[in-house]
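Structure assessment
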Amino acid sequence: MYCPYCRNPDSRVVDSRLADDGSAIRRRRQCPECGRRFSTVETTSLSVVKRSGAGEPFSRSKIINGVRKACQGRPVTEDDLALLAQEVEENVRASGVAEIDAHEVGLAILGPLRKLDQIAYLRFASVYQGFESLEDFEEAIDTLREQAKDNERVPSGAQRPLTAR
């Protein structure tokens, strides 16, 4: 790590702390040459592999922009979109891989979006999953209805029994 003041290529770590809910480490460093201190933030990199095979860094803003289109005209705020993007990133990072397919990122969006707004979910799913007929929409709507019924049957805070499907 180069010192930002004198460009010395060496520095000593004085203090390390978790930042951003544990997804990054903030380090205080001291330059042995000039003695000045500076901070660095270290994060793990996460790459998204597109269909073309090209990789690019994971971006919450891309998630927000993609979902924003599905949420047009819906009662969804920018804060809601930011929380959704954060949840998607946390889920993707929890998978423990450094590279993830763009398709997997899209699948990771569907769950949180379904909870946020069902109409936006249908819009996003229809494009993302390539709905080709009314039957595709009907099947997705039926699934949403079943999930709503399941949620009504289970009191909040109660554990749902595990069942094999």
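Since the structure is predicted, the reported quantities are computational estimates derived from the model, not experimental observations. Along every chain, residues carry numbers that run from 1 in the direction the sequence is written. Given that the model is predicted, a residue must reach a pLDDT of at least 70 before its local features are reported, and side-chain atom pairs must reach 80 or more before they are shown or counted; all residues, however, enter totals for whole chains, interfaces and linings. As a convention, hydrogens and water are excluded, and side-chain values are obtained from all of the structure's heavy atoms.

Describing the overall build of the chain
A tally of regular secondary structure across the chain gives five helices and six strands. Secondary structure is summarised from DSSP: a helix means a run of H or I of at least four residues, a strand means a run of E of at least two, and numbering begins at the N terminus for each. If you list the helices and strands of the chain from N to C, you get β-β-β-β-β-α-α-β-α-α-α. For the radius of gyration, the atoms used are the C-alpha atoms, and the globule rule reads 2.2 Å times the number of residues raised to 0.38. Here the chain has a C-alpha radius of gyration of 22 Å; the compact-globule value for 165 residues is 15 Å, and the former is much larger. Taken along the three principal axes of its C-alpha coordinates, the chain extends 70 × 40 × 35 Å. For the chain, the accessible area works out to roughly 11600 Å², and carbon and sulfur atoms hold 48% of it. Across the chain, the 25 positively charged side chains and the 26 negatively charged ones have centroids separated by 8 Å. Residue exposure ignores everything except the shown protein chains as possible cover, and the areas themselves are Shrake-Rupley values with a 1.4 Å probe. Only four residue types enter the tally: Lys and Arg on the positive side, Asp and Glu on the negative side, with His and both chain ends excluded. To locate a charge, take atom NZ for lysine, CZ for arginine, CG for aspartate or CD for glutamate.

Considering the state of the cysteines
Put simply, a disulfide is two cysteine sulfurs that come within 2.5 Å. Per the counting criterion, the structure on display carries zero disulfides. As a non-bridged cysteine, cysteine 34 has cysteine 3 as the owner of its nearest cysteine sulfur, 3.8 Å distant.

Quick look at the side chain of glutamine 30
By secondary structure assignment, the location of glutamine 30 is in strand β2 (residues 24-30). On the basis of relative accessibility, which here comes to 19%, the residue glutamine 30 falls in the buried class. In this structure the side chain of glutamine 30 is engaged in a polar contact, spanning 3.2 Å, whose partner is the backbone oxygen of glycine 35. Ignoring anything within four residues of it in the chain, the contact list for glutamine 30 reads Ser11, Arg12, Val14, Gly35, Arg36 and Arg37. Only protein chains enter the accessibility calculation, which uses a 1.4 Å probe; a residue whose area is less than 20% of its type maximum is buried, one above 50% is exposed, and one in between is partly exposed. Any pair of N or O atoms that falls within 3.5 Å is considered a polar contact. Within protein, one atom must be able to donate a hydrogen and the other to accept it, and sequence-neighbouring residues count only if both atoms are side-chain atoms. By definition, residues are in contact when any of their heavy atoms lie within 4.5 Å.

Considerations on the sheet that holds strand β1 (residues 12-19)
Across the sheet, three strands lie side by side as β1-β2-β3; this open sheet has antiparallel pairing. Looking at the sheet topology across the chains shown, the edges are occupied by β1 and β3 (37-43). The mean inter-strand angle of the sheet, taken between neighbouring strand axes irrespective of direction, is 25°. DSSP-based pairing: two strands are paired if at least 2 bridges between them are found. Note: β2 against β3, seven bridges, orientation antiparallel. To obtain each axis, a line is fitted to C-alpha atoms, and for helices this fit is confined to the stretch in contact; angles are then taken between N-to-C directions over 0 to 180 degrees.

Quick word on the layout of surface pockets
Taken as a whole, the largest pocket encloses approximately 730 Å³ of empty space. Buried and open spaces are told apart on a 1 Å grid over the protein atoms alone, a cavity being a set of points where a 1.4 Å probe fits but cannot get out and a pocket being an open set with protein on both sides within 12 Å along at least five of seven lines. Residues with an atom within 4 Å of a point are the lining residues. Around the largest pocket, the lining is made up of 23 residues, and of these Ala102, Gly106, Ile109, Phe124 and Tyr128 lie nearest the centre. At the level of elements, β5 (55-57), α1 (60-70), α3 (102-116) and α4 (118-128) are the ones that each hand at least two residues to the lining of the largest pocket. With seven residues, α1 is the largest single contributor of residues to the lining of the largest pocket. The residue makeup of the lining of the largest pocket, split by class, is 12 nonpolar, five polar and six charged. Grid points are joined across faces, edges and corners, and a volume is the space filled by probe spheres set on the points. Classification used: nonpolar for Ala, Val, Leu, Ile, Met, Phe, Trp, Tyr, Cys and Pro, charged for Asp, Glu, Lys and Arg, polar for all others including Gly.

Thoughts on the nonpolar core
Ranked by internal contacts, the top residues of the largest apolar core, which has 28 residues, are Ile63, Val67, Ile109 and Leu113. Elements represented by at least two residues in this core include exactly α1, α2 (78-94), α3, α4 and α5 (134-153). Sequence-distant contacts of isoleucine 109, defined by excluding residues within four places in its chain, comprise Ile63, Val67, Val88 and Phe124. Take the buried residues of types Ala, Val, Leu, Ile, Met, Phe, Trp, Tyr and Cys, join any two whose side-chain atoms come within 4.5 Å, and each joined set is a nonpolar core.

Details of the environment of proline 75
Counting through the fold element by element, proline 75 comes out in the loop between α1 and α2. A relative accessible area of 66% means that proline 75 is categorised as exposed. When neighbours within four sequence positions are excluded, proline 75 is seen to be in contact with Asp80 and Asp117.

Read these as spatial facts, not as claims about activity.
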